[in-house]
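Residue-level listing of the chains:
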Amino acid sequence: MANAQLDIKFTTNRLGNQNLVHNNYKFQIKSRRGDRCYWKCSTRNCPATVNTHNNIPTKVDANHNHPSDRMQLRVDDVLQRMKSRCKDELTAIPTIYEEELVKLRDREWNDDTHQLVEHIPTFYSCKDQLYNERHKLIPALPTTVEDITVDGEWAQTTTGQPFLLADDNTNGRMLVFSTQENLYHLAAADTIYCDGTFYVCPTLFYQLYIPRQS
C-alpha cells in the first residue's frame, strides 16, 4: 500500500505526455479509468508499477529489475525548465538554452555537475522539442495578408502598452507599430531619417519602413 506522503512528482516527456517519478525511477501511464491511473516503469520489461487516484499513490510495487537512472532524471528536469521558459517567454530559444547551461556552470563546480552538463543534449538534438513548446504560445504564421490578425497581447508591448497604432487596408494592408512615447520623441526631433527596408521585410509584405530621429 502507499499514501499521500510518498515522494512522487509528475513530469512531461518530449511527446507532451505525463510521467510519474518515484525514487529516481520514471513511470509512464499503462491505463486510465476515470481518476485512477495505472503506471508502469518506463524501462521495457520491468515489472514495477504504481497506482494513483487523483494523483495520490494508492499502491506501489517497486520491484525494478534494473538500476535507476538518476542522471537522466536530472537532465529531464533541465530540459523541462527550458521548455517551460520557451512556452512562457519570448526570449530567443537558443538564448534560453545557453542561459540554462550557464546556470549549471555557475553552481559550485564538482564532478556531479560536470557529468550533468556532459549529459545535456546539444541544442541541435533538442531544438525541435523547444520550438514545439514555443509554438504552443505563438500562433501559426498566416499564409495570406487577409489572415493576419493582430490583437490582444500581440498588439501590446511587453509592458502592456498599446503598440499597434494603425491597421489600414485602403490601398493594400499597412500596419503601423509604435508607442505614444515614441511618437512624442519623434515629434520633438529636429531631424527624422527614414529607411525603407526590403531584405528583412516579412514575406507577405513589400516593405518595412522605419523612421528614426536625431
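Source: prediction; values computed, not measured. (Residues numbered from 1 in each chain as written. Predicted model: local features only at pLDDT ≥ 70, side-chain atom pairs only at ≥ 80, totals over all residues. Heavy atoms only, no water.)

Taken as a whole, the largest pocket holds about 1300 Å³ of empty space. Looking at side-chain class alone, the lining of the largest pocket contains 24 nonpolar, 6 polar and 4 charged residues. (1 Å grid on protein atoms, 1.4 Å probe; cavity = no way out; pocket = protein on both sides within 12 Å on 5 of 7 lines; lining within 4 Å. Points joined across faces, edges and corners; volume = space filled by probe spheres on them. Nonpolar A, V, L, I, M, F, W, Y, C, P; charged D, E, K, R; others polar.)

Scanning the entire structure with this criterion turns up 3 aromatic pairs. Between F10 and W39 the ring centres are 5.8 Å apart and the planes differ by 45°, which places this aromatic pair in the tilted class. Pair noted here: F10 is in strand β1 (residues 8-12) and W39 is in strand β4 (residues 36-41), with a separation of 29 residues, a long-range link. Residue classification places F10 among the partly exposed positions, given a relative accessible area of 28%. When the centroid spacing of 5.5 Å and the interplanar angle of 35° are considered together, the rings of F163 and F177 count as tilted. Taken together, the residues F163 in the loop between α4 (123-135) and β7 (164-168) and F177 in strand β8 (residues 174-177) connect sequence positions 14 residues apart. In this structure F163 comes out as partly exposed when scored by relative accessible area, which is 27%. (Phe/Tyr/Trp six-rings, centres within 6.5 Å; stacked < 30°, edge-to-face > 60°. Helix = DSSP H or I, 4+ residues; strand = E, 2+ residues; numbered from the N terminus. Buried < 20%, exposed > 50% of the residue type's maximum accessible area, 1.4 Å probe, protein only.)

With that settled, consider the pairing of β4. Burial along β4 is one-sided: the face carrying C37, W39 and C41 is buried and the face carrying R36, Y38 and K40 is not. Here 6 bridges tie strand β3 (residues 25-33) to β4, and the two strands are oriented antiparallel to one another. Note that in β4 the partner of F27 across the bridge is C41. Counted along the chain from β3 to the antiparallel partner β4, the turn is 2 residues long, and its residue G34 has a positive phi close to 65°. With 5 bridges connecting them, β4 and strand β5 (residues 49-53) associate as antiparallel partners. Each residue of the ladder has a partner; that of W39, found in β5, is V50. (Pairing = 2+ DSSP bridges.)

Attention shifts here to empty space enclosed by the protein. To find the voids left in a structure, one rolls a probe of water-molecule size over its atoms. Per the stated rule, a full pass over the model turns up 1 cavity of 30 Å³ or more. As a volume, the largest cavity reaches approximately 30 Å³. K9, T11, V21, L73, D76 and D77 together form the lining of the largest cavity. Elements supplying a minimum of two residues to the lining of the largest cavity: β1 and α1 (70-88). Counting residues per element, the lining of the largest cavity draws most heavily on α1, at 3 residues. Across the lining of the largest cavity, the residue classes tally to 2 nonpolar, 1 polar and 3 charged.

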